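The primary structure of each chain is shown beneath.
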Amino acid sequence: MVVIDAAFDGGNIHCVDASNPADIRLEIARDRQSDFYQWFSFRVCAEAGDPIKLVITNAGGAAYPKGWENYRPVMSVDGKTWARIPAHYDGGTLTVDMTMPSPRVHLAYFAPYTLVQHDALISSAIATGRFGYQNLGQTVDGRAMDYLRYGSGNIPVWLIARQHPGESMAEWWMEGAFEMLSDAADPISAALADIATLHIIPNMNPDGSFRGHLRTNAVGVNLNRVWDTPDPERAPEVFHVRQKMEETGVDLCLDVHGDEALPYNFIAGFEGIPGITEAQLDGLNGYKALLAQLTPDFQTKIGYPATPPGKANLSMATNYIAHRFGAVAMTLEMPFKATTDTPNPQTGWSPPRCKHLARHCLHALLLQLTGTNIPS
Ligand SMILES: [Zn+2]
């Protein structure tokens, strides 16, 4: 007998029929009060050694069907290490043919980052004594909007992640950033603390994360489309963070995301905002160049096309923040797949690699803020 369940922190799957192990029919559930879906995370229980076939029948109707092309899900036995497993996408369904390596396995769209992990991240950061902490206010479901402050320098820098909760790589990136900033022996962290103050929201959308959503909060709001007019009832997450930004100011902001389709790390900017300055554009292009020099996992050739002048959508965080504060605001996108330039067949893009990228992002930040250029 095969049993499928997703009734846990961040879980998402609807089991339609598991009576035939050779044709288990599954559907990904939509975000609440929304049509978006693509994130899945569920457990399969069956006899070790049994062959099973899992068919996600509504894959073709997901938010980003191109995300299934050349895509392989992640699987874990111990809930800690995640390996890629083969899958086949036929334009409508995503099929996994596998032999159970143990009596229970966890399959997911990308290595999950649960709210339990989030709470542990916040607690351990506070325990280091190196961070200020504030609960900025409540989410729709009543959760805390956790905010951490690092350093005491004059330059206000914001790091926010996981507006889109299914992009769990964004919080793995945050974990890497916290490990570096928590390390009293790290010279980059020490220098950053002198020159800047980092304002950090490790998870912009805890409700959506817990509910197993792809893109929205508890009432179906895509948080990255309400920055110009955040309703305190329907999008309190953005409302509270925006208020804090007004208090601190913003010189530079990194908003961390994942992209379903593109197998690259890249940064999207704010080229289309009204009143854009040369200094802002230089800051954007300078940061991207620094990061590309620091790590082969980042590149500047592939990404979203720049928005034409004056056509920016100011409801998106990066555009809104660049426009409101005259800041260098950037959207960092990481892949769900393997990076084309630096693939890893066993893991694809993975939590440890998200964490390495975060370290390189902080190094590039220091170089940017000190005006240091590194020779190419
Ligand atoms: Zn996103």
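Once a new chain begins, its residue numbering starts again from 1 and follows that chain's sequence as written. In keeping with the model being predicted, local features are shown solely for residues with a pLDDT of at least 70 and side-chain atom pairs are shown and tallied solely at 80 or more, while totals for entire chains, interfaces and linings include all residues. Excluded from the side-chain calculations are hydrogens and water; all other atoms, namely the structure's heavy atoms, are used.

**Considering the overall build of the protein chain**
Rules: Comment: elements are numbered from the N terminus, with helices defined as DSSP H or I runs of at least four residues and strands as E runs of at least two. Our radius of gyration is a C-alpha quantity, and the globule rule it is checked against amounts to 2.2 Å times the number of residues to the power 0.38. Throughout, exposure labels follow a simple rule: accessible area from a 1.4 Å probe, protein chains only, divided by the maximum for the residue type, with under 20% read as buried, over 50% as exposed, and the rest as partly exposed. Throughout, a residue-residue contact means that at least one pair of heavy atoms, one from each residue, lies within 4.5 Å. Lys and Arg are tallied as positive, Asp and Glu as negative. Neither His nor the chain termini are counted. Charged side chains are reduced to one point each, which is NZ for Lys, CZ for Arg, CG for Asp and CD for Glu.
Across its full length, the protein chain holds eight helices and 17 strands. Computed over its C-alpha atoms, the radius of gyration of the protein chain comes to 20 Å, within 12% of the 21 Å expected for a compact globule of 376 residues. Buried residues in the protein chain amount to 57% of all 376 residues. Considering only contacts in the protein chain between residues 6 or more positions apart, those separated by 24 or more positions represent 76%. Across the protein chain, 28 positive and 40 negative side-chain charges occur, with their mean positions spaced 1 Å apart.

**Overview of the coordination of the zinc ion**
Applied cut-off: With water excluded from the atoms, a metal site may look incomplete; its donors are any N, O or S atoms within 2.8 Å, or within 3.2 Å for Na, K and Ca.
The zinc ion binds to the protein through His164 (ND1), Glu167 (OE), Glu167 (OE) and His257 (ND1), with metal-donor distances spanning 2.1 to 2.4 Å. Here the donor residues of the zinc ion are spaced in sequence according to H-x2-E-x89-H. The two residues His164 and Glu167 agree in class, both being buried.

**Some points on the domain arrangement of the protein chain**
The condition is simple: Either an automatic procedure or a domain database provided the assignment from which the domain bounds are taken. Defined in terms of a 1.4 Å probe, buried area is the accessible area two parts forfeit on being brought together, summed over both. Each reported salt bridge corresponds to a side-chain nitrogen of Lys or Arg within 4 Å of a carboxyl oxygen of Asp or Glu. Nitrogen and oxygen atoms within 3.5 Å of one another constitute a polar contact, given that in protein one can donate a hydrogen and the other can accept it, and given that sequence-neighbouring residues count only through two side-chain atoms. When residue character is reported, Ala, Val, Leu, Ile, Met, Phe, Trp, Tyr, Cys and Pro are called nonpolar, Asp, Glu, Lys and Arg charged, and the others, Gly included, polar.
Annotation of the protein chain at the domain level lists domain 1 (3–108) and domain 2 (115–370). Here the C-alpha centre of domain 2 lies 28 Å away from the C-alpha centre of domain 1. Facing 24 residues of domain 1, the contacting portion of domain 2 comprises 28 residues. Across the domain 1/domain 2 interface, buried area totals approximately 2,000 Å², and carbon plus sulfur atoms make up 51% of it. Of all residues in domain 1, the largest losses of buried area upon contact with domain 2 belong to Arg32, Trp39 and Arg84, amounting jointly to 31% of the total for that side. Across the domain 1-domain 2 interface, the total number found is zero salt bridges. Where domain 1 packs against domain 2, one counts 18 residue pairs in polar contact (both at pLDDT 80 or more). For the side of domain 1 that touches domain 2, the class distribution of residues is nine nonpolar, eight polar and seven charged.

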